Every structure is written in structure tokens, then in C-alpha cells.
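Spelled out, the chains give:
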Amino acid sequence: MLEVQGVGKRVVSPEGPLDILVDISFTVQAGESLAILGASGAGKSTLLGILAGLDEPTHGGVWIGDQPLHQLDEDGRAAVRRTQVGFVFQSFNLILSLTALENVMVPLELQGVAQARQRSEELLYRVGLERRLHHTPNHLSGGEQQRVAIARAFAASPRLLFADEPTGNLDSATGQKIIDLLFALNRDQGATLVLVTHDVELAARCGRRLQIEQGRMLPFAAEEQN
Amino acid sequence: MFRQALRLLRREALSGELRLLLAALIIGVASLASVSFYTDRLAAALDQRKAEWLGGDLVVSANQPLPDRWREQAEQSGVEQSSQMTFRSVVVSGEQMALSEVKAVDAAYPLRGTLSLVGEGDQPRVVAGAPPPGEVWVEAMLLHKLGIEQGATLQLGRVELVVSGVIHNEPDRGTNFINMAPRIIVNEQIILASELIQPGSRVNYQLSLAGASSAIAALQRTLEPQLRNGDRLTTEPDRDSATGTALERGQRFLQLVSMVGFVLAAVAVGMSAHRYALRHLESSAIYRCLGASARWVLGLYTTQLLLLGLLGSVVGVLLGYLAQLVLEQLLLNVFAVTLPAATFTPLLLSLLAGLLITIGFGLPPLYRLREVRPVRILRADLPAPQLSAWLLYLPPLLTIVLLLLLQGGELLLTALVIAGVALTMLFLVAGALLLIHLARRIEPRGVVMRFALTGMTRRSTIAVLQIAAVGTGLMVLLLLSVVSRELLQSWDEGIPDDAPNLFMINVQQAQVAGISDFLAARGQRQPRFYPMVRGRLIAINDQPVSAENYRADRARRLVQREFNLSWTESLQASSPIVSGEPWRPASGEAIWSVEQGIAEELGIRLNDRLTYEIAGQPVEGRVANLRLVDWDTFQVNFFVIAAPGMLDPHQATYISAFHLDSAQQPLLVELVRNHPNLTTIDVAALLQQIRDIILQVTRSVEFVSLFTLAAGFLVLFAAVQTSMDERLRESRILRVLGASRREILRALTTEFALLGLIAGTLAALGAWLVGYLLADQLFRLDYQLASWLWLIGPLAGVVGMTAAGIWATRRVVAVSPMMKG
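Thresholds applied
Within every chain, residues take consecutive numbers counted from 1 along the sequence as written. Whichever chain is written first is A, and whichever ligand is written first is 1; the rest continue in order. Where totals are concerned, whole chains, interfaces and linings use all residues; where local detail is concerned, this predicted model gives features only for residues with pLDDT of at least 70, and gives and counts side-chain atom pairs only at 80 or more. Here the side-chain values reflect all heavy atoms present in the structure, with hydrogen atoms and water set aside. Numbering goes from the N terminus for both helices and strands, where a helix is a DSSP run of H or I of at least four residues and a strand is a run of E of at least two. The buried label applies to any residue whose accessible area, calculated with a 1.4 Å probe on protein chains only, is under 20% of its type's maximum; exposed applies above 50%, and partly exposed to all values in between. Contacts are residue-level and defined by heavy atoms, with any inter-residue pair within 4.5 Å sufficient. For the accessible areas, the method is Shrake-Rupley and the probe is 1.4 Å, while residue cover comes only from the protein chains on display. For a compact globule the rule gives 2.2 Å times the number of residues to the power 0.38, and the radius of gyration it is set against comes from C-alpha atoms. Just so you know, the count uses Lys and Arg for positive and Asp and Glu for negative, and it drops His and the chain ends. Where a charge sits is defined by one atom per residue type, namely NZ (Lys), CZ (Arg), CG (Asp) or CD (Glu). One confidence number per residue, pLDDT, is output by the predictor and ranges from 0 to 100. Summed over both partners, the accessible area lost on bringing two parts together, with a 1.4 Å probe, is the buried area. Whenever a carboxyl oxygen of Asp or Glu lies within 4 Å of a side-chain nitrogen of Lys or Arg, that contact is scored as a salt bridge. Between N or O atoms, a polar contact is any pair within 3.5 Å; within protein, one atom must be a potential hydrogen donor and the other a potential acceptor, and residues adjacent in sequence are included only when both atoms are from side chains. Polar here means any residue outside two lists: the nonpolar Ala, Val, Leu, Ile, Met, Phe, Trp, Tyr, Cys and Pro, and the charged Asp, Glu, Lys and Arg; Gly therefore counts as polar.

**What about the overall build of chain B?**
For chain B, the count of helices and strands is 24 helices and 22 strands. The 821 residues of chain B split such that 55% are buried. In chain B, the share of contacts with a sequence separation of at least 24, taken over all contacts with a separation of at least 6, comes to 82%. Entry remark: accessible area of chain B is about 36,400 Å², with carbon and sulfur atoms responsible for 59%.

**Here we look at the overall build of chain A**
Looking only at helices and strands, one finds eight helices and 10 strands in chain A. Against the globule reference of 17 Å for 226 residues, chain A gives a C-alpha radius of gyration of 17 Å, in line with a compact fold. Considering only C-alpha atoms, chain A reaches an extent of 50 × 40 × 35 Å along its principal axes. A burial count over chain A gives 57% of its 226 residues as buried. For chain A, restricting intrachain contacts to residue pairs at least 6 apart in sequence, the fraction spanning at least 24 positions comes to 68%. Carbon and sulfur atoms form 46% of the exposed surface of chain A, whose accessible area is close to 9,600 Å². Here chain A holds 20 positive side-chain charges and 27 negative ones, and the gap between their average locations is 5 Å.

**Observations regarding the confidence of the model for chain A**
When the pLDDT values of chain A are averaged, the result is 87; 96% of them are 70 or greater. Note on residues 221-226 of chain A: pLDDT is under 50 here. Beyond four places in sequence and across chains, it has 12 contacts.

**What to know about the interface of chain A and chain B**
Each partner contributes to the interface: chain A provides 29 residues, whereas chain B provides 24 residues. Roughly 2,400 Å² is buried in total at the junction of chain A and chain B, and carbon and sulfur atoms are behind 57% of that figure. Scanning the region where chain A abuts chain B turns up four salt bridges. B:Arg450 is the partner of A:Glu102 in a salt bridge, and the nearest nitrogen-oxygen pair spans 3.3 Å. Here chain A is connected to chain B by eight residue pairs in polar contact (both at pLDDT 80 or more). Elements with a minimum of two residues in the side of chain A that touches chain B: α1 (44-51), α2 (74-84) and α3 (100-110) of chain A. For the side of chain A that touches chain B, a count of residues per class yields 13 nonpolar, seven polar and nine charged.

And the structure:
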């Protein structure tokens, strides 16, 4: 489902070239769940950006299915994201001017799905927000906003779901509920999950774990590769 | 701190808000400066050449010959004197004829200023005195009209004159700004032989006097008690005349439009400063953490703002100076005046205005940077410090009032401008709110439409502001470019095809039958001749009438001048009686029939007793009825008509109006050759001139209103900037979710096109409404709904706003989907 080969990211800083990611390679099969672990600044989010086609690697390549992301232009990658990828972010990233329902409808409308409203309403029922359909994000709690984000992530039935520190902005009890919801939905939909976190307990719920330190994969994590 | 401010300014010179703030200042100041420079130069021309335009230091004018003793008294006082006669007459050359303004002068002319003729090789040559008796000096326009050249012969009345010079500059032409007919200058000695002046002819007799101020003052005291009714003695060029009033109104209108542009630009300055302050909350917190005082932080940004204000004002003044050169060209033929160089006053005033809006609109939003707490460095999510509404809105309001006072100088006008702008804004805001409310009910199909609609409905405050700002600019422009032209057209179309196109005046009683027969013998309909006697209204119900009794300019002018009175057995069917009794002059009672409009103007009611003075004799009568007159039919009519027998028939001249096809012009030439004292006025040519002048003034105001439109777009940019962070964020999320750049562009295009459609439609509606009110209430025209306005307005709104909006949000389309943080 997801294949990463020799991915590196180098940026130019005032002090000279700086390697943020160096030679990352791994594969994730369909239906698997993978946790990417690492401390702040380790390069986790940069890696996630490259995996999801939000950013481009300076070395190596990423394939989603048989699509070589690194060979596509931005609009080409957008088309892949639209049809195959879902996201859950630490900071929710909901569109503030849209209601909860409208936020969930966006990916479906981008795909031109006719029953966008009905499907979105079902998903919001599923995440327990049936009474919040017409609230804008500013009128929702953090946990509620993340539920909307999860509903949105699954709306277009993605084959691949990326979650970036999904509980980072939530208290532990709410965080737990959100994670349960995320895994439950993922199980129902049979999607491949790639989760970035620094929380070891959360990582343990994933099938496999990948440790990143200073931009490199650690050997023990690498061993887990198939 | 100053150095730090300068460094910051250099670093941030290209940041969006500062560029916008600078652009707004430049446009606002340029809008103001262009008109200030122009009106200042016009005023300077008036002042500098006052004596020249007047034709002397003291001028006596009358519509009857001046007594010889006044000339003797002037001679005894040791002042120079020159006398002139001016009147309208037709000149003939071959088969062509044209109306001209004849000025007969003596050897002493001109007393002040210089008269110059176009000489050989285009070098003007100065001449003094009158042309030799067999010669005439003419304006180039007359040569053009008659299709002749210098050296040709003209017939003026009974005399033939050779055109020996083309007038380049006539010093005392200035008081009559609008040239209705070309001037010709002749020697006064030919007037008698020309037989042009007959009893009752409209002639202005003028005695110009020049000399030491004490002698002039003494002479003024001597002459004043001797003045007869209708005589005028003046030391100032006539600024109360209709043309003077038109000039004043034209200037006010230009000022008003420039002020609207300035206010809009000021709003853009305020909005940019607001956004600039919000973007600098973090850096202010860092300065505070590093130990800077709140005052220091405020001082830093204030210095930066003031530097920017100074720069913008200077560039704006320069731009304004260039723009007024365009104004001068546009109005060249309207105010036939050579303008002196600009003074420093408009320059300083415009600079001051620029700095005032920098302070009044730019500083209050920055004040919040003073309130930033250093802890913000740890908690960026702290809400921005709030400012009291007083602090935010009072200084701008005071600034505007102050500036309007500086500009207009009149409290009433200032209040009217504020009220007018407020009313327009209120209309646009209310309209925008209503349409946005309606847009909310639309269930969008697809993500593009959803974003376009929510962009507008959820950010409704910003949307309303954008619509109001661009709508104001568009409305002013539509009003000037479309509505004014359509009003002119409606007026043209309202004139019947067979409406009289010629007026014949100064006809003597003895000539009436001859002219009628002449025309009848040549297959023309016999025109009706109306007697005309001139008289001044001296009393209403035995109460003396004077200009001081009236407040309205028109009423004051009316009572100072002589009326054209007529008499008739039966009133024209086209002017129905609206109140009072039927016209029964046979009863023998002395009665008047008064036109309704003038009765209102002068406070005349039914059965009032009006006393007119005609050739020194009072004539009294009762107002028997009020009539409604439609002046647009170009039929001869009169404000006041008497019963036959009341007015002295020996004082009368006759007037007639008739229609003559252009093919029959030779008839007219023959008629004028036989009766040289006749004056014929070509109405079509006159109307064309009026139309040309209106169009030129309109074009100049249009030009100034381009600044208003530009300022409107700056507000749009500023408003877009306010929502920029949110837009960028939304766009980024959409891109993450898989939207292509094209979809984001389509959503933005749809949003701005919708805003433009609303702004354009409201602007068209507003312009139409104003046009309709003007047509209905002021001009009494039938203004049609079907018009280009409904196409041009929305189209201009959509195209303009979409282009500007897409340009302002180009970053939103180009944004990378990679999330920060």
C-alpha cells in the first residue's frame, strides 16, 4: 500500500545544507497500522508530510499503491490525496467558516459524490456529534473538533489514513476516547493507518512501530521492516 | 528608536499591509491634491486678474446710455476712462451668418490688461485702442463658423467691415467664463451707421475707470447717489452671475468627489494599520521581554507609520499635481482662462491632510501594541488587546470633519457631504446585507460554490465593507458616465422635431408685418410675434422689493435685473392656468398672469399687487392667475404677462420663435441683410454648446472619480488582507484534502464575482435612483428604466472585483499544502 525508498530531505539554512531526513525506507501493507515514534524535532512530521504528498523529498521516492508520489506535480499529488488519503491533525485543521457537517462534506464534494450530505451526517452520527451538525468549529470543544476531523478523514473512504499526534491537544481522557474512535473506524473501514506520535502507549496499539531520531530510522525499528 | 524604525521600515517595505497603506495614502492625497491645486489656480487667476477682468478699477454698467456728466465727473477726478457697448448681433459673410457678441470700444480701451491679436507667425501682438472704423477684430471661432479667413469682409448691420485681426487675448472677457458666441471688437464710431441699436435693443453700456485708489474711491462716492434703477457700479468682477455660480458649483462638485475618494482611502489606511498591528503583536511582546517599555514599543511603530505617512503624502501630492494638469486640459474650453502657477497652499494643505489621516486613521489601531503583555511570548494564543471603540472610531471621525472644514470651509456643506456619503453607504450596506442574507438561503452544489458562498456569507462584515467601498466608487462613476449622458439624451428626445430652432429678437413694431409677409411669401408659416417690454419689479403689495429680502441666489438675481414683460389678449394653450381666474383682459382691470415657478421663487401669491417700473414709470396690477410653462418646448413665453394697454407700446420690441430647416438658411441671411437690427439666435447651436460644456465638466469629474474607484479597490484589498490568514489556512486544508489549485481559483473567482455582482448591481440601482430623482424632481424628464446601466454596472462590478480579488488573493491559490506546526 505504501512504499518508501531511500527518502531524504535536505534544506538550505544560513549555516549551510541541513539534513532533516536521511535514507528512510520501509513498506506498509494494506490494512496494517504503523506508528512513527520520535522526540520533538526528530523529523516525524516532515516524514509524514512527504508520505502524504504534502511535501517533496529531496532524495528517494514514495509510492502509494502504484502511484509514484515523487514523480507527480502538486495537482497530481492532490488528486491522489483526494481519492486515497485521509488526515487527522493535532490541531484539528477544520475550516472555521464551515459548520461541522460542511467540513465533513468537503472531501466528498471534491470527489463529486452525490450523496455527500447524507454520508456526512451518518459519519457525524457515528462519531457522536448528531447534535452538533450545524455548529461551526469555534462553538465546539477540542474533543468535538477532533471527532469532526476524524469523520472528515473517513468521509471519502480513504485507503490510507495519516494521523499526526491526534491527541496532542486533548486531555488524556478525551484523548483516549478519540483514539478508540479512530481505531474503531479504521477497523471498520479496513484502511491502512500511519500514526505519528511521541506517546509510546499509543504507538503500542499499532501493529508496527518505526523510531526516528535526528532524521534517521533507528536500527531496532528498522529490524521490524519486512 | 528612530534608526530601529527606519530599519524595520526597510525590512518590511514590501510587506502587504505597508504597501497597501502607502498606496492608500498616495491615492487619497492625490485625489485631494489634484482638485485643490486646480481650484487654487482658478481662484488665483480670479484674484490676480481681478482689475483686468473687470476692465478697470471701477466699472459702471447700465442697460441704457450713461449720462454725459458722469464722464465729465470722471475727467475732473483725474482718472482714466473708457466706454464700451456690448450687445449680441448677427454678422453675415456671403451666404453664411453667425451670432456674435459685439463690443464697441473707444480709443482708450483697454484700461487694464492688454489686448492682443494673433499676428504673423503665430506671435501674438499687443494692440491698444479700437480697430479703425472700417475694420473688425474677431475671435477665431467666428472665422471657423463662417468659413472665412482674415482679410474677408463681414456685414454688421448696415456697415461692411474688413477682418483685420484675430483676437488672442481679451483682458476683460474673464467675467463671462462660458463663451456662448464669438466676440467681435469694433470701433464705437460705426455703431450709429450700423443702425444696430434701436429703441428697446438689449445693449450693455459700460464706463470703465482706472486711477489712484483714493481718486477711484472719491469718484465711487460721487457716482453712487446718481445711479438709476438697473445701473450697477462695481469694483469686483461679477461672481454672482449665473456663470460665476456655475463655476462655484463645478468646483464644489469636484471637491466633493475628491473628498469621497479621500475618505475611502482613509478607511483603507485604517484597515491596513489594523492588520499591521495584529501582525506585530508577537514582535511587540519580544521587544517587551527584552526590556523595552510600552511607550518605546508604541514610539517605534508610530515613528515607522509617520515616516510612511510623510512618504505617501509627498508622492500623493506629486501625483495630484500631475492629475490637475489633466483637469486643466479637460476644462480648457469651459473656463476660457489662462491659469497662473500653483501656490504652496494646496501643497501644504494636501501634505497636512495626508499626515492627518496617517495619525487619525493609522495610529489608533497601533495603540494596541502598547498594551501587549510580554507573557504573550509564551502564550501566543492570548487574545489581542482590545481597544475601546472611542479610541478606534473617534479620531478618524474628527479627522474627517477637520479635513472637510479645511476643504469646504462651510459647515453646512461639510454636514451635507457627511450626510450624503453616510446615506450612500447606508444604502449600499443595507443592500449588501439583504443580498448576502438571501445568498445564505442558497444550498450550494459542490465544494467550489460552497466556498464561494461561505466566503461571502460567513465573513459578511468584510463582504459588506468590500461591497460598500467598491460600490461607492462604481456608483459615482456610473452616475457620471452613464446616467448624466442618458439624462442629456432624454432631454434631447423630449424636444419635438418641429420645435422652434430660431429665436428672432429686437424686432421693431414697424418691422413685424414686413417680416411676416417676407416669410409667408417664401412658403413659411407666419410666425407669431410677441411684444416685449423690460421692467423691474419694485414692489409687491406696496412693499418695496430688494435683493436683501431673498435668500436664494436665483431670487436675488431675478429682482436685481429687468424682467421681460409682455401683453396678450389670450394666453397660449400650451401654458395652462393652474390657479386663479381665467384670463379676461377685456374687463379693463390692470391684471398680471405670472408663471408658477417664479411666483414661488419670489413669494408672489394670487391677488398680490405687483408694481413694475418701466422706463421710469410705475405700472401696477393684480395677479389674476398663475400659469404653468413648459420651457422645453422652445416656444416664446414670459414669466409675467400683462393685460393689453397696461404697458407702453412705444417701449416694446418684438420676439418670435420659428422652425427653419437648414436648407432654408439663405432666407435668414436675406432677412438679416434687410433688417440689420434683428438678432437671430440659433437654438440648436446654443444647445450643442451647452451640451459640450456639460460633457466637459462631466468628464473632469469622471476623471477625479477614478481616484474614488481606486480608493474603493484599496479598501477591497485591505479587507481581503484582513481575511488573508484565514483564507490561507482554509486553502491549505483544502489542498491537503485533495483540492486542486484550479478548484481553489474557481472558488475565489466565484466569490469575488458574486461580490462584484452585488456591488455593481447596487451601484447601478443607486445611480439609477439618483438619476431618476434628478430627472423627476429637478429636470422633470421622463427617464427610462431600460438602460445600459443595468448591464455596465454589474459587468464592471464582476470584472473589476474578480480581477482585483484574484490578484489580492493570489497567495491563497499558490499556497503549499504542507502544514506549519
